[in-house]
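# Results of the structural survey
Residues per chain, in single letters:
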Amino acid sequence: MLACRRRPVPRTPVWFMRQAGRALPEYLRLREGVPMLEACARADMIVEITMQPMRRYAVDAAIFFSDIVVPLKAIGIDLDIKPGVGPVIADPIRDAAGLEALRPLEPGDVPYVTEAVQGLVGELGATPLIGFAGAPFTLASYLIEGGPSKNQERTKAMMYGEPELWDRLMGRLADITIAFLKVQIAAGASAIQVFDSWVGSVAPEDYRASVLPHTRRIFAEIEALGVPRIHFGVGTGELLGLMGEAGADVVGVDWRVPLDEAVRRVEPGKALQGNLDPAVLFAPWETVERRALDVLARGRTAEGHVFNLGHGVLPSTDPDVLARLVDLVHEASSEH
């Protein structure tokens, strides 16, 4: 929390995107026979899965176990998360009539989220819980394409060719994201992260015109609630400056841009999060150590630094390497 607010810290804090979930054998055992969206809708499973990495790693924050499409499912969108594929939408939204499916999200739509966050806050004590939601562009991509897309062709076609329809869709999704975040904060989440996983496919001028206004509104709505706000996207090196303008307190940086370069791209008054390449964790420990220390050194050029990977933990990552990495970050940054 101190690092997010760019205040002095006794050591660099560390947590990992996807620290809860697929890399842990205890998670795989618990999830056996339970579909992803069912796991995300059961408070007991959310609490257990969120806590599993806290028992293994000395990380400085927990990340709420959920998925960015959970609020869409909660308002009645016919979707499923298919193993090895990702979210798949039964009836993609590609015209004005399709927008009618996107009703506002109410707290009563996600009671399991409130219950799980409250339970986690009680178990975590002084350790912060990070809540999260998907950003409108990435949610729109799933809804328009019908699932994951390599080229975002239908999504961009709407953004380029039907700007009014695009703006209405993005506005509704921003409302849903705001409501989902507010539920988590009201229940006790200490910080929030907005994931824009696919926005790296957008050119800067299109981001400014067609994405930034909606993302900015999300962070503006959350500002009064007083929790640190983190903004993360993948492949967003060319967008880092604009993402800083969106209003988050912390800009997440993937592994493609060194943190000291990110400092130059992001406006002053922001902390940075990241950004060890997740694939480095498969290299010999000497390489992991050297690369992690380099991230720490570059992170010291930022006004605040939260150590993380440059994307989520990969499924076949060795949990023991992650545990060792946490200890290294803490020890090295304490010594410095």
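Refer to the structure above for everything that follows.
Predicted model only: the values in this text are computed from it and were never measured.

### Remarks on the sheet that holds strand 5 (residues 191-196)
- The strand order across the open sheet built from 7 strands is 1-4-5-6-7-8-9, with neighbouring strands paired in parallel fashion. The open sheet has two free edges, formed respectively by strand 1 (62-63) and strand 9 (305-309), since each of these has just one partner strand.
- Taken together, the 2 bridges between strand 6 (residues 229-233) and strand 7 (residues 250-252) define a ladder with parallel strand orientation. The residue of strand 7 that forms the bridge with His231 is Val251.

### Side note on the pattern of salt bridges
- Throughout the structure, instances matching the rule amount to 19 salt bridges.
- With a closest N to O distance of 2.9 Å, Arg55 and Glu48 form a salt bridge.
- What makes Arg55 exposed here is its relative accessible area of 52%.
- The exposure class of Glu48 is partly exposed, given its relative accessible area of 28%.

### Things to note about empty space enclosed by the protein
- Applying the stated rule across the entire model yields 1 cavity of 30 Å³ or more.
- Approximately 30 Å³ is the volume found for the largest cavity.
- Its residues assigned to classes, the lining of the largest cavity comprises 6 nonpolar, 2 polar and no charged.

### Quick notes on the environment of Val263
- Assignment of secondary structure puts Val263 in helix 12 (residues 259-265).
- Each C-alpha atom, one on Val263 and one on Gly299, is 8.7 Å from the other, the two residues being 36 residues apart in sequence.
- Once residues within four sequence positions are removed from consideration, Val263 is found in contact with Leu272, Thr301 and Ala302.

Procedures and definitions
- Residues numbered from 1 in each chain as written.
- Predicted model: local features only at pLDDT ≥ 70, side-chain atom pairs only at ≥ 80, totals over all residues.
- Heavy atoms only, no water.
- Pairing = 2+ DSSP bridges.
- Helix = DSSP H or I, 4+ residues; strand = E, 2+ residues; numbered from the N terminus.
- Salt bridge = Lys/Arg side-chain N within 4 Å of Asp/Glu carboxyl O.
- Buried < 20%, exposed > 50% of the residue type's maximum accessible area, 1.4 Å probe, protein only.
- 1 Å grid on protein atoms, 1.4 Å probe; cavity = no way out; pocket = protein on both sides within 12 Å on 5 of 7 lines; lining within 4 Å.
- Points joined across faces, edges and corners; volume = space filled by probe spheres on them.
- Nonpolar A, V, L, I, M, F, W, Y, C, P; charged D, E, K, R; others polar.
- Contact = heavy atoms within 4.5 Å.

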